[in-house]
Amino acid sequence: MKPNITATHFYRRLVGLLLFLLCSFIVRSQDYNQFNVNIHHGLPSNTVYDFTIDKLNYMWFCTDRGLVRYNGYDCKVYTLTDGLPGNDIWGLQQDGKGRLWVLTISNKLGYILNSHYHEVYTKNIHTALYPNNFMVSNSDIKFFYLAQKNFTTNSLYVEKNDTLFETDIRMRRPIFVDSNTIIDADGQYLKRYKLTNDYKLLFQDSLPNLFYKDTFVTKASFVIGNYLYRYKMYGEDLDAEDLRTGELISLHYLFNEKIFLICQIKKNVYANIGNHVYRIDSLAHLSAADNINNFMKNGDIPVNLISYMTEDHFWGTCLGTRTNGFYFGYETPHLLRKYHQIALADYEYIGNGHDGGSYWWNYTRQTIQRLDTAGNTTFAKYDAIAALVSIIPYDSSRSLLLDKGTLYWFYNMQRAPELIRYKEIYSELQHKKLEIPLPYTRAIYYLDSSHFYMSGAGVYDARLNNQDSASLRLINEDRFYNLEYDSVRQAIWFYNNYKVYLHYIDRTKKNPSIGENLFRSLGFTNVEKIISDGQTGNIFLKDNNHLYYINLRNGTITALFNNYNLENSFPVLHNRTLIIGGKFGVLFSKITGPGKFEAPVLYPNFKSSLYQNIEGFCIASGKVILKTDNGTYMQPIPSDTELLYSAHRTPHYKMIVSYHDTLYDLQHHNKISILPGVNKIGFDIINPRGNGAVSYRYIINGSDSSWQDLNGTDLVLPELEAEKTYTLSIQAQDAVWRSDPITLTLYIVPLWWQSLRWRIIFWIFGTTATLTLLVVTILLTRYQTIKAGRKKQHLLLLELRSIYAQINPHFIFNTLNTALYFIKKNKMQEASAHVSKFSTLLRSYLESSRHRYISLREEITNIRTYIELQQTRFEPAFTYEIIVNDEATLNGLFIPTLLLQPIIENAINHGLVPKGHDGHLIISFYYETSEQAIVCMIEDNGIGREKSRQLYREEQTNKESYGSKMIEELIDIFNRYEPIKLSIEYYDKQPPETGTRVTIKIKNPYDEQQLQLRHYR
């Protein structure tokens, strides 16, 4: 039943329709770069039900043979083997978390996240679910309406925390207005409900249902703005009901054409009606979708095959079809035109004519094809020409034709070429004439009517003698197969792949050469072409895949057009415009001054849809001519206005990084924390204009010294220091395009024991433990040292006391004998004096024997008393004297106790007493500063040690000399246990002198303060 429409509303819509038709005729049809993704590009099927662009800008296709992810290069197919609930995927819905919910008929439900399928738990659902209507809220909650097979009532299902459960809500014809509002369109009224947080329905209001009892077979019923839309599939009705007033608006019946598709895209409705697509905005206004219509017309895509469509800033205009796969592309004013009537297959470009036409040579047929400015062609066969190299215009009627080493006058195909004979060839290097014919040459340039240069197997400066002969001078013997005239510097650049020779026309200037090593050091791989700009002085050099601008004044080199892969491209210069033909298309850039270039204008070869390779490229009559593997393209050079104001923006792309099962868009997320043991990073490029295979290179600051090629798409990080930040630069390129280097910051997450906090704790603990151990060690060492020192002192005391115990009885025995002698002689007074001195000396010895050291002053007093006792005993055998030098220094020093007494005793008993008379004993002390030692000399004029040994040989055999033995033991003990060092030296006087001199050195003697510190006194 057709709804009633008022006359006013009818005429208002009719006027709008007429204006729409008028505008449709006025709008100019635009050209499109268009590409078809189908089974030949990785789709499992050409049936595309639906497609969706996710938050990372991947394109996803729903087909009858699986779900497909497309990045502009490759298709990744997801099927049952990847966990999908089925292969017949008819829809996707993206929620606020970026999850792509997979819509198919199944009792299972799941979503795609980070390119992996995740199945949700379907509570108490055992039968197949038929998705009928769904809505994604602005929050992260996902609502579904799913209809069970053979049931007419829809149940509301809700997903929370990866679990799908059924609510108590049932409706026959549910329509979502938004995430919290639902319309039940079953019955005479449209009932509007509010959905509560606990999934209950609150009635709001109702309107008459103008579609009640209508027999629409709907593709979808949906709400855009304030309008509820319905249509009959393959019918002629498209109507909207105003949800505010209940007014019915008919949008289609005036056309009387079939409706093939209604798409809801954001805030617009797109309708495929007849052979056109129309857009209906949120106010229910109808207008032509010109971009989509032109896109379909450009690709000859039937409207009735379209399954879904959209317009996207990243992917352009997109159409899914039921039989032909997926189409996408971009509107462009710059489209290369193919000329089917021009056949240049098997021909090679050899030069231009004076009138602007171009010449092409077929080596097999020995035929020249001339292409004039209008695209017309003429042919001429020349059997005499074997290998034509180039044609250079000379004047309006003729050109120079170079055939290997032979030169001809070429009369622009009006008559046969005439040979130019070489009159002589002279070598300036060898200073002699060379043989004719000329070796192989490949390039020629003439300066004026009689002067030109040729290069090939050598460089020749040539002069025309007349019209039929020329003289040549060999000026360089290297092989240079290309040349370029530099009018600014009045020079010619001769070059091959690895060497350049600059020859100045002025013969007085030096002609430099640039060799292979220098080119490699400058970063060039090889030299393909050199271009000189005669107006600005710019020099351009093309190597494998870059074009460089070289500033000869300051020696700088700048790479141009870095976002294009210039491998196998052809750069030329025409009227201050750089023109580059390559697999990417044709690039134009206006030169505005020395080192100044406008942004390029690109006539694209979109995804190689026009051709795969360029086989010839030239400029003729203001047009670019491309000979390709798919025919000939001819394009007029854009005007200066187009070049200056229509610059082509570099194609946008997305660099995606995959780490630890998570995908990141590097343009918005450029920092990643690298976890311990997870050191692999994956890279991917989303580039709708992508062409060929993608390759990557990278450099890690602080780890790599130069760019490294990445083998594949996964980078395994080297060992990097924990808790440090590194900068990873990554760059991608394909057959025609190159990305800018993109920076990714890597933070190396440490293991718990590698973190700064724990390192500080370990450092504090280690330092504390070390200090504690050090203190304990010091204390233990000190304790052991003190213990050992005490033991050592104890042993020393024991040994000294043992020696002193031997010295004292020995002395006492001898002294008492003397006293006994006086008593026997009845010399009581002498005996009394002797005993008195003895007792004084004995007290002194007993006192000093308790200490290891005695002051030198006290020792001299004891020595004096001891000698006087001995004089009394052996009277009148000898005299004595004691000499002390440096008395002020010596009086404050200490020496070992009882060190000198045994030596003096030996001098008296074994030297002076046996002599019997005139004996004399000298004891002297002085301080030797250089060795910091006390020196004591004990000198006698007795019988000497040798005579003494002879005299007492019988006695020495049976009895040891206690004095000598005790001295040796005493010196040994002090040298082993004490810091002071003792030495003794004996000297036997030579005749006529008699006697012995004993020198004792006491190094490092103590003073009073040192003795107190060492607790010796």
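Per chain, residues are indexed from 1 in the order of the written sequence. Note on the predicted model: pLDDT of at least 70 is required for a residue's local features to be given, and 80 or more for side-chain atom pairs to be given and counted; whole-chain, interface and lining totals, by contrast, use all residues. To get the side-chain values, all heavy atoms of the structure are used, and hydrogens and water are removed first.

Visitor: Explain the overall build of the protein chain to me, please; I cannot follow it from the model alone.
Guide: Strands here mean DSSP runs of E at least two residues long; helices mean DSSP runs of H or I at least four residues long; both are numbered from the N terminus. Per the secondary structure count, the protein chain includes 13 helices and 75 strands. Here the protein chain holds 1017 residues, and the buried ones make up 48% of them. Carbon and sulfur atoms form 50% of the exposed surface of the protein chain, whose accessible area is close to 50000 Å². Only protein chains enter the accessibility calculation, which uses a 1.4 Å probe; a residue whose area is less than 20% of its type maximum is buried, one above 50% is exposed, and one in between is partly exposed. Computed with a 1.4 Å probe, the accessible areas rest on the Shrake-Rupley method; for each residue, only the protein chains presented here act as cover.

Visitor: Would you mind going over the packing of aromatic side chains with me for this structure?
Guide: Centre distance and the angle of the planes are the two values used to describe a pair of aromatic rings. In this scheme Phe, Tyr and Trp rings, the latter by its six-membered ring, pair at centre separations within 6.5 Å, and the angle between planes marks the pair as stacked below 30 degrees, edge-to-face above 60, and tilted otherwise. As enumerated under the stated definition, the model contains 42 aromatic pairs in all. Seen from their ring centres, Tyr-564 and Phe-584 are 5.6 Å apart, and the 55° between their planes marks the pair as tilted. With Tyr-564 in the loop between strand 50 (556-560) and strand 51 (570-574) and Phe-584 in the loop between strand 52 (577-582) and strand 53 (585-593), this pair connects stretches of sequence that are 20 residues apart. By relative accessible area, Tyr-564 is classed as buried at 5%. The class for Phe-584 is buried, based on a relative accessible area of 4%. Seen from their ring centres, Tyr-853 and Phe-974 are 5.7 Å apart, and the 75° between their planes marks the pair as edge-to-face. On the criterion of sequence distance, the pair formed by Tyr-853 in strand 68 (residues 853-855) and Phe-974 in helix 12 (residues 962-977) is long-range, its members being 121 residues apart. Across this residue pair, the class does not change: Tyr-853 and Phe-974 are buried. Among the aromatic side chains, those forming a connected cluster through ring pairs are Phe-35, Phe-51, Phe-61, Tyr-70, Tyr-308, Phe-314, Trp-315, Phe-326, Phe-328, Tyr-330 and Phe-606. Two thresholds decide whether a charge sits over a ring: the Lys NZ or Arg CZ must be within 6 Å of the ring centre and within 35 degrees of the ring normal. The ring of Trp-409 has Arg-398 lying over it, and the distance from NZ or CZ to the ring centre is 3.9 Å.

Visitor: Would you mind showing me how to read the sheet that holds strand 43 (residues 482-486) here?
Guide: As a general point, the strands of a sheet are linked pairwise by backbone hydrogen bonds and lie either parallel or antiparallel. Here, strands pair whenever DSSP counts at least two bridges between them. Spatially, 43-44-45-46 is the arrangement adopted by the 4 strands of the open sheet, whose pairing is antiparallel. The open sheet has two edge strands with one neighbour each: strand 43 and strand 46 (513-514). As defined by bridge partners, strand 43 adjoins strand 44 (residues 491-495) across 5 bridges and the pair is classed as antiparallel. Opposite Asp-486, over in strand 44, you have Ala-491 as the bridge partner.

Visitor: I keep staring at the UniProt feature "transmembrane region" (unreviewed entry) in the protein chain and nothing clicks. Help me out?
Guide: UniProt positions are given in the numbering used here, feature names are shortened, and annotations may be inferred rather than shown by experiment. Using the residue numbers shown here, the UniProt feature "transmembrane region" (unreviewed entry) corresponds to residues 760-781. Summarising residues 760-781: 100% helix, 0% strand, and an end-to-end C-alpha distance of 30 Å.

Visitor: Can you help me understand the pairing of strand 33 (residues 367-371) in this one?
Guide: Each regular strand displays side chains that alternate between the two surfaces of the sheet. Within strand 33, 5 of the 5 residues are buried, which leaves it mostly tucked inside the rest of the structure. Here strand 33 shows a buried face lined by Thr-367, Gln-369 and Leu-371 and a second buried face lined by Ile-368 and Arg-370. Of the strand pairs in this sheet, strand 32 (residues 358-362) and strand 33 are connected by 5 bridges, and their pairing is antiparallel. Across the sheet, the residue bridging to Asn-362 is Thr-367, located in strand 33. Sheet analysis places strand 33 next to strand 34 (residues 377-381), joined by 5 bridges and oriented antiparallel.

Visitor: I keep staring at the side chain of His-503 and nothing clicks. Help me out?
Guide: Its location among the elements puts His-503 in strand 45 (residues 500-504). One polar contact links His-503 to Tyr-501, side chain to side chain, over a distance of 3.1 Å. Within the structure, His-503 has its side chain in polar contact with the side chain of Asn-511 (distance 3.4 Å). Those residues in contact with His-503 that sit more than four places away from it in its chain are Tyr-453, Ile-475, Ala-491, Ile-492, Phe-494 and Asn-511. As used in this structure description, the phrase polar contact means that two N or O atoms lie within 3.5 Å; if the pair is within protein, one of them must be able to donate a hydrogen and the other to accept it, and residues adjacent in sequence are counted only when both atoms belong to side chains. Two residues qualify as a contact provided that any one of their heavy atoms is within 4.5 Å of a heavy atom in the partner residue.

Visitor: Could you clarify how one ought to interpret the pattern of salt bridges in this entry?
Guide: Pairs may arise between side chains of opposite charge once their charged atoms sit close together. Here, a salt bridge means any Lys or Arg side-chain nitrogen found within 4 Å of an Asp or Glu carboxyl oxygen. Enumeration according to the criterion identifies 34 salt bridges in this entry. Between Lys-433 and Glu-424 there is a salt bridge whose closest N-O contact spans 3.6 Å. Ionic pairing is found between Glu-939 and Arg-997, a salt bridge with its closest N-O pair at 3.8 Å. With Glu-939 in strand 72 (residues 933-940) and Arg-997 in strand 74 (residues 996-1003), this residue pair connects regions lying 58 residues apart in the sequence. Looking at Arg-997, the relative accessible area reads 23%, which means it is partly exposed. One salt-bridge network, held together by shared partners, links Glu-428, Asp-461, Arg-463, Arg-473 and Arg-507.

Visitor: How do you make sense of the confidence of the model for the protein chain when you look at a structure like this?
Guide: Detailed reading of predicted coordinates is not advised where the pLDDT is low. pLDDT gives the predictor's per-residue confidence on a scale running from 0 to 100. When the pLDDT values of the protein chain are averaged, the result is 84; 88% of them are 70 or greater. Low confidence marks residues 1-28, where pLDDT is under 50. Its contacts with residues over four positions away, or in another chain, come to 29 contacts. Note on residues 215-219: pLDDT under 50 across the span, and 13 contacts to partners over four residues away in sequence or across chains.

Visitor: Teacher, can you tell me more about the pairing of strand 23 (residues 259-265) here?
Guide: Among the 7 residues that make up strand 23, 6 are buried, leaving the element largely enclosed by the rest of the structure. Bridge analysis of strand 23 against strand 24 (residues 268-273) gives 6 bridges, and the strand direction is antiparallel. Paired with Cys-263 across the bridge in strand 24 is Tyr-270. Where strand 23 hands over to strand 24, the hairpin turn is made up of 2 residues, of which Lys-266 adopts a positive phi near 55°.

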